[in-house]
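Descriptive structure summary
Residue strings, one per chain:
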Amino acid sequence: MKRILIVGGAGGIGLAIARQMVLKPSCEKVYIVDKQPLDQSYANPKVESFIYDLGNEDYSFFDRFQDIDSLMITAGFGKLSLFREVPEEYIIDSFNVNSVAPIRIIRRFADRLHGKETFRCGVMVSIAGFMSSPFFAVYGATKAALKIFIESFNVELEKQGSSNRVLNVSPGSIRGTGFGGGGKTDLNLIAPLAEEIIDHLQSGDDLFIPQYEEIYKTVLKRYHDDFREEGRHSYDYKLDSGRLSQKAKE
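Contact geometry of helix α6 (residues 212–225) with helix α7 (residues 227–241) gives a least axis separation of 5 Å together with a crossing angle of 130°. Classed by the angle they form, the pair α6 and α7 counts as oblique. Contacts between α6 and α7 involve V219, R222, Y223 and D225 from the former and F227, E230 and H233 from the latter. Considering only residue class, the contact of α6 with α7 consists of 3 nonpolar, 1 polar and 3 charged.

According to the stated counting rule, one finds 1 cavity of 30 Å³ or more in the structure shown. For the largest cavity, the full set of lining residues is K79, S81, F83, V86, Y90, F135, F136, A137, V138 and Y139. Looking at the lining of the largest cavity, the element that brings in the most residues is helix α4 (residues 137–159), giving 3 residues. When the residues that make up the lining of the largest cavity are grouped by side-chain class, the tally is 8 nonpolar, 1 polar and 1 charged.

Core analysis: the largest hydrophobic core is formed by 31 residues, its most contacted members being L5, L54, F62, F65 and L71. Elements represented by at least two residues in this core include exactly β1 (3–7), β2 (29–34), β4 (70–73), α2 (88–108), α3 (110–114), β5 (120–124) and α4. Not counting residues within four places of it along the chain, the set of residues in contact with F62 comprises L5, V7, V33, Y52, L54, I105, R108 and F109. If you look at the next biggest cluster of nonpolar residues, it comprises 28 residues, including A18, M21, I32 and I190.

Next up on the list: the side chain of Q20. Mapping Q20 onto the fold places it in helix α1 (residues 12–22). You can call Q20 buried: its relative accessible area is 11%. Aside from chain neighbours lying at most four places away, what touches Q20 is A191, A194, E195 and I198.

Definitions and cut-offs
- Residues numbered from 1 in each chain as written.
- Predicted model: local features only at pLDDT ≥ 70, side-chain atom pairs only at ≥ 80, totals over all residues.
- Heavy atoms only, no water.
- Axes fitted to C-alpha atoms, helices over the stretch in contact; angles between N-to-C directions.
- Helix = DSSP H or I, 4+ residues; strand = E, 2+ residues; numbered from the N terminus.
- Parallel < 35°, antiparallel > 145°, perpendicular 65-115°, else oblique.
- Contact = heavy atoms within 4.5 Å.
- Nonpolar A, V, L, I, M, F, W, Y, C, P; charged D, E, K, R; others polar.
- 1 Å grid on protein atoms, 1.4 Å probe; cavity = no way out; pocket = protein on both sides within 12 Å on 5 of 7 lines; lining within 4 Å.
- Points joined across faces, edges and corners; volume = space filled by probe spheres on them.
- Core = buried A, V, L, I, M, F, W, Y, C linked by side-chain atoms within 4.5 Å.
- Buried < 20%, exposed > 50% of the residue type's maximum accessible area, 1.4 Å probe, protein only.

Structure below.
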């Protein structure tokens with residue numbers, strides 16, 4: 001992967017991936033697109049950053065990146081909240097950014113994915129897209145939509161003779177990111193995961209669930225065996241985690 005576009009790369013896991021890519025001698029260019037400006041402390045001759053809001057209607061902005069051989073979409077947001085407390089605007093914005101935006105971006109590079117040349121593409125999805133997730137009902141729904149899109153599109157690529165695939169990266173909570181108001185990005189904490197994601201992207205994999213053997217293999221089995229009971233377990237777990245406001249607990 002010599003030239004990569006990272007959408008959502010000004011912070012969190014996107015920024016961590018960008019930094020790891022910059023360190024690789026084989027990497028020539030890292031394009032970063034985010035609604036927030038890239039902090040000048042991360043300036044590098046290999047890096048070129050752009051400000052773009054994924055809520056925009058015109059996605060022809062992305063047509064300028066014709067020289068890339070890799071695409072990683074990490075933009076997305078969510079917050080722990082009971083569904084009844086979520087405003088309609090949040091629902092609309094969540095689907096636009098978490099689901100519609102990645103699909104629209106991938107559509108603009110669909111011909112590259114169908115082509116004979118290698119084109120790497122990955123998307124940060126979430127383990128919440130695989131199961132019910134109380135307090136994350138809207139967020140989980142946006143990620144479930146993205147998960148099904150990726151799986152369906154990958155079958156189309158396979159059946160039409162392409163060896164390229166879209167990588168679904170579906171972690172649980174990631175320490176060191178500002179997701180959900182968790183504070184500033186700590187690149188040292190996220191670097192190992194960023195490197196793992198790059199390895200799976202480079203390999204052309206279609207699914208990577210961090211800590212699958214350690215945690216999520218069991219969680220997904222519980223969900224498969226009894227989704228109602230696992231939903232209750234998830235609800236109680238979030239209450240006990242201390243990540244919710246007192247209002248949500250009540």
